[in-house]
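Letter by letter, the chains look like this.
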Amino acid sequence: MKHYKIAVLAGDGIGPEITHEALKVLKVIEERNDVTFELMPASFGACAYFETGDAFPQATIDICDQADAILKGPIGLSHEEAKKIPIDQQPERGALLPMRRRYNTYANFRPVSLPKSLAHFSPLKPEIIGEGIDLIIVRELVGGLYFGEKEMGVNDKGLRYVRETLEYDEEQIRRIMHEAFKLASKRRKLLHNIHKSNVLKSSVLWNEVMEEVAKEYPDVKVVNFLVDAAATALCLNPIQFDVMVMENMFGDILSDQGGGILGSLGLMPSACIGPDKAYYEPSHGSAPDIAGKNIANPYSMIGSVAMMLENSFDMAAEAKNVWDAMQGVFGDGYSTADLSKPGSGVTMISTEQFGDKVVEKLRNMPKA
Ligand code: IPM
Ligand code: MG
């Protein structure tokens, strides 16, 4: 019997609701397999700040340090609420970035996937979606502007100014490139390298290192794309993409656009992988406006569980069953509010009902 410890950080806003559904799915995985999960809940984000004065408290750090994997809900507050917290303790800067730094989770995988049968969820026309969207964004997660030196003050002209640094060394670029090329080798052998080398020197080095690494993967075809052009191409012709690799900030922006072309950010799970530790989280925020209403889509959180099963626990077959179960629920004509447009013929269900239906489907699936 395998035994894994999972730190569960439900987070803020809709975090607790969607985490609740994800944990129901984990329970079914335990029932169906020779595995037990020890869940270790811990507070993280704005809720942790209000409880303890620290958005990433030591007690949570200790739990995460011990865990085999971390399942993390979205964090953050509304623009107005956030102002009540000192800038460096706001959950993104006070909890999330320190966690990424602590576990050096440099490789962020963000699947953007919608089978043809669910094309009606997308704002794109069926002829654009063709046989379905199935690409994955590989985002560098611990470098660039997010982690560079920052400075704010008043300059010698008496004007308020700010300086943020975009810094990468070749090793940081090389390791994310290897992740991207390895993934591309296992898929369509096509890698889109996203950059802005017509302006940014960071992209010049990025591309240089990419070309060096490419020599080790001669069967992968590389297509270079400027990031602004990639934004347009994601709307006009997303099916040309398979694996896309990019630096931190570009990945933040284009992955949200990925949610846009699917029809909802609620369809965006992710895996954040470091040398010794990985954590799994929805790519989206905590949606404080709909928190507590039992209407959020738990797909991104349950999908993050699927990614955890595959990457951290070597349970790829069960991970696939989880994806199939969720798509089966959509396929039966149900969805949460984010994807139930008027006239779409979809029956709207709650967060909890979506979780229940996924659980029911999963229970009925043949065991691997
Ligand atoms: C994401 C989020 C985070 C980011 C925020 C919450 C700091 O938008 O994971 O994409 O910008 O990386
Ligand atoms: Mg983002």
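Residues numbered from 1 in each chain as written. Chains lettered and ligands numbered in written order. Predicted model: local features only at pLDDT ≥ 70, side-chain atom pairs only at ≥ 80, totals over all residues. Heavy atoms only, no water.

- Per an unreviewed UniProt entry, the protein is named 3-isopropylmalate dehydrogenase, and its organism is Methylotuvimicrobium alcaliphilum.
- According to its UniProt record, the protein has this under Catalytic activity (unreviewed entry): "(2R,3S)-3-isopropylmalate + NAD(+) = 4-methyl-2-oxopentanoate + CO2 + NADH".
- Per its UniProt entry, the protein bears the Function (unreviewed entry) comment "Catalyzes the oxidation of 3-carboxy-2-hydroxy-4-methylpentanoate (3-isopropylmalate) to 3-carboxy-4-methyl-2-oxopentanoate. The product decarboxylates to 4-methyl-2 oxopentanoate." (UniProt positions renumbered as here; feature names shortened; annotations may be inferred.)

1. Overview of the side chain of S283
Then step 1. Within the element layout of this structure, S283 appears in the loop between β12 (278-280) and α11 (299-313).
Then step 2. Among the residues examined, S283 registers a relative accessible area of 12% and is labelled buried.
Then step 3. At a separation of 3.2 Å, a polar atom in the side chain of S283 contacts the side chain of R110.
Then step 4. Excluding its chain neighbours within four sequence positions, the residues that come into contact with S283 are R110, D256, M268, P269 and S270. (Helix = DSSP H or I, 4+ residues; strand = E, 2+ residues; numbered from the N terminus. Buried < 20%, exposed > 50% of the residue type's maximum accessible area, 1.4 Å probe, protein only. Polar contact = N/O pair within 3.5 Å; in protein donor to acceptor, adjacent residues only side chain to side chain. Contact = heavy atoms within 4.5 Å.)

2. Side note on the packing of aromatic side chains
Then step 1. Considering all chains together, one arrives at 12 aromatic pairs under this definition.
Then step 2. Ring geometry for Y299 against W323: centres 6.1 Å apart, planes inclined by 50°, an arrangement best described as tilted. With a gap of 24 residues between them, Y299 in helix α11 and W323 in helix α12 (residues 316-331) connect regions that are remote in the sequence.
Then step 3. Take Y299: its relative accessible area is 3%, and that puts it in the buried class.
Then step 4. Ring-pair connections join several aromatic residues into one group, and the members of that group are F121, Y299, W323, F330 and F354.
Then step 5. Stacked on the ring of Y146, the Lys or Arg R139 has its end atom at 5.3 Å from the ring centre.
Then step 6. The residue whose ring lies beneath R175 is Y106, and the NZ or CZ to ring-centre distance is 4.2 Å. (Phe/Tyr/Trp six-rings, centres within 6.5 Å; stacked < 30°, edge-to-face > 60°. Lys NZ or Arg CZ within 6 Å of the ring centre and 35° of its normal.)

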